[in-house]
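Architecture at a glance
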Amino acid sequence: MIPPLQSDDVLLADIERTCAEPDGFRLWWLGQSGFLVQHRGRHLLLDPYLSDSLTRKYARTDKPHVRMTERVIAPERLDFVDVATSSHNHTDHLDAETLGPLLDVNPGLELVIPEANRAFVAKRLESDPEWPRGLTAGASVSIAGFTFHGVPAAHNDLETDAEGRHLYMGYVVRFGPYTIYHSGDTLTYPGLEDQLQKFDIDVALLPINGNLPERRVAGNLNGEEAARLAKAIGAKTVIPCHYEMFAFNTAPPALFVTACAAVGQSQRVLQAGEKFIAE
């Protein structure tokens, strides 16, 4: 398997080293669509998947989830997290084996979810249905110094519940003078660029694994589409994700890098466990 650049004690030491820094922010890619964001001693986990639950679940099926990258850290070691997100109900974005241990060591943990998914989230996590903080399109909520704005995601379609609330969401997150966009799993759709252009996005976190029906899973942006979207919304930097986790559902980042160069978009490809610093 692919070894992380940093993992376990080394990763924790790196996080601790910068925790007290008053300026800038740091983020670490934790694999798949998971990121840890650090700003002024506060920590946000975006869609963490830190278990082998899917590999075990599909081990004896015709769609095995063979892991490509070693886990960067056990969730129970992250005992300093203020808030986490789930962009939708797929297990690599809403994993009970990740979020349960996180909640055990972070009793005050807040969880941001699409409001439409509240009942599903409570059942999977065996939690109080009132605990998560639900968002709908265009709504916002502020937690621990982070303000989350809900942006619909198309995975593959803009699916809603009976009340018109989106089942798949991305989040624009503002903290201090910074803004990041975590798209969740999505394709482009009419109006997405317009929604995002009004934000001055410093870093866009976008999937690049693509949309191939033969995989028999919902699809995402590919590398070229991610580069074009980042450019269109004016993101200062784009970081790819949702690749090199499962062998059947990945893509090399080379296409993304080439596409960013072609449109003049600044990008940064991280290894699992690697840190990005914004001044």
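This one's a predicted model, so the numbers in the text were calculated from it and none came from an experiment.

**A short note on the environment of Ser-86**
- With respect to the secondary-structure elements, Ser-86 resides in the loop between strand E4 (83–85) and helix H3 (96–105).
- Taking the C-alpha atoms as reference points, Ser-86 and Glu-159, 73 residues apart in sequence, are found 16 Å from one another.
- Every residue in contact with Ser-86, bar those within four places of it in the chain, is listed here: Asp-47, His-93, Leu-94, Leu-111, Val-112, Ile-113, Pro-114 and Tyr-171.
- A distance of 2.9 Å separates the side chain of Ser-86 from the backbone oxygen of His-88, its partner in a polar contact.

**Focus on the sheet that holds strand E13 (residues 275–278)**
- Taken in spatial order, the 7 strands of this open sheet run E6-E5-E4-E3-E2-E1-E13, and their pairing is mixed. Two strands in the sheet have a free side with no partner beyond their single neighbour: strand E6 (133–135) and E13. Pairwise comparison of adjacent strand axes, ignoring direction, gives a mean angle of 20 degrees for this sheet.
- Strand contacts of helix H1 (residues 8–18): strand E1 (25–31), strand E2 (34–39), strand E3 (42–46) and E13, with the helix running at about 165 degrees to E1, the strand carrying the most contacts.
- Here helix H4 (residues 118–125) sits on the sheet and contacts strand E5 (110–114) and E6; the angle it forms with E5, its principal contact strand, is near 135 degrees.

**Some details on the sheet that holds strand E7 (residues 140–143)**
- Spatial ordering of the open sheet is given by E7-E8-E9-E10-E11-E12, a layout of 6 strands whose pairing is mixed. Two strands bound the open sheet, and with one partner strand each, they are E7 and strand E12 (237–241). Neighbouring strand axes in the sheet, compared pairwise and without regard to direction, differ in orientation by 20 degrees on average.
- Packing against the sheet, helix H6 (residues 223–233) makes contact with strand E10 (178–182), strand E11 (203–207) and E12, and its axis sits at approximately 155 degrees to E11.

**A short note on the pattern of salt bridges**
- One pass over the full model with this rule turns up 16 salt bridges.
- A salt bridge links Glu-115 to Arg-118, with the nearest nitrogen and oxygen atoms 2.8 Å apart.
- The shortest N-O distance in the salt bridge between Asp-200 and Lys-236 comes to 2.8 Å. Remark: Lys-236 occurs in the loop between H6 and E12 and Asp-200 occurs in the loop between helix H5 (192–197) and E11; sequence separation between them is 36 residues.
- Of the residues examined, Lys-236 reaches a relative accessible area of 43% and is grouped as partly exposed.
- Salt bridges here are not isolated pairs; linked through shared partners, they connect Asp-14, Arg-17 and Lys-275.

**Side note on the packing of aromatic side chains**
- Counted by the stated rule, this structure contains 7 aromatic pairs.
- A ring pair is formed by Phe-148 and Tyr-171, whose centres lie 6.4 Å apart and whose planes are at 90 degrees; its orientation type is edge-to-face. Separated by 23 residues along the polypeptide, Phe-148 in strand E8 (residues 146–152) and Tyr-171 in strand E9 (residues 169–175) bring together distant segments of the chain. The burial state of Phe-148 is the same as that of Tyr-171; both residues are buried.
- Here the aromatic residues Phe-25, Phe-146, Phe-175 and Tyr-178 are joined through ring pairs into a cluster of three or more.

**Concerning the side chain of His-65**
- Its place among the elements puts His-65 in the loop between helix H2 (53–57) and E4.
- Note on His-65: relative accessible area 8%, which makes it buried.
- Of note is the side chain of His-65, whose polar atom sits 3.0 Å from the backbone oxygen of Lys-63.

**Here's the deal with H3**
- Here H3 has its buried residues at Thr-98, Leu-99 and Leu-102. Taken around the axis of H3, the buried residues stretch over an arc of 85 degrees, which confines them to a single face.
- Turning to H3, the residues buried within the fold contact E3, E4, E5 and H4.

**Topic: the pairing of E1**
- Burial within E1 is extensive, with 7 of its 7 residues counted as buried.
- Bridge count for E1 against E13 is 4 bridges, and the pairing is antiparallel. Residue pairing in the sheet places Trp-28 in a bridge with Lys-275 of E13.
- As defined by bridge partners, E1 adjoins E2 across 5 bridges and the pair is classed as antiparallel.

What counts as what
Residues numbered from 1 in each chain as written. Predicted model: local features only at pLDDT ≥ 70, side-chain atom pairs only at ≥ 80, totals over all residues. Heavy atoms only, no water. Helix = DSSP H or I, 4+ residues; strand = E, 2+ residues; numbered from the N terminus. Contact = heavy atoms within 4.5 Å. Polar contact = N/O pair within 3.5 Å; in protein donor to acceptor, adjacent residues only side chain to side chain. Pairing = 2+ DSSP bridges. Axes fitted to C-alpha atoms, helices over the stretch in contact; angles between N-to-C directions. Salt bridge = Lys/Arg side-chain N within 4 Å of Asp/Glu carboxyl O. Buried < 20%, exposed > 50% of the residue type's maximum accessible area, 1.4 Å probe, protein only. Phe/Tyr/Trp six-rings, centres within 6.5 Å; stacked < 30°, edge-to-face > 60°. Arc of directions from axis to C-beta.

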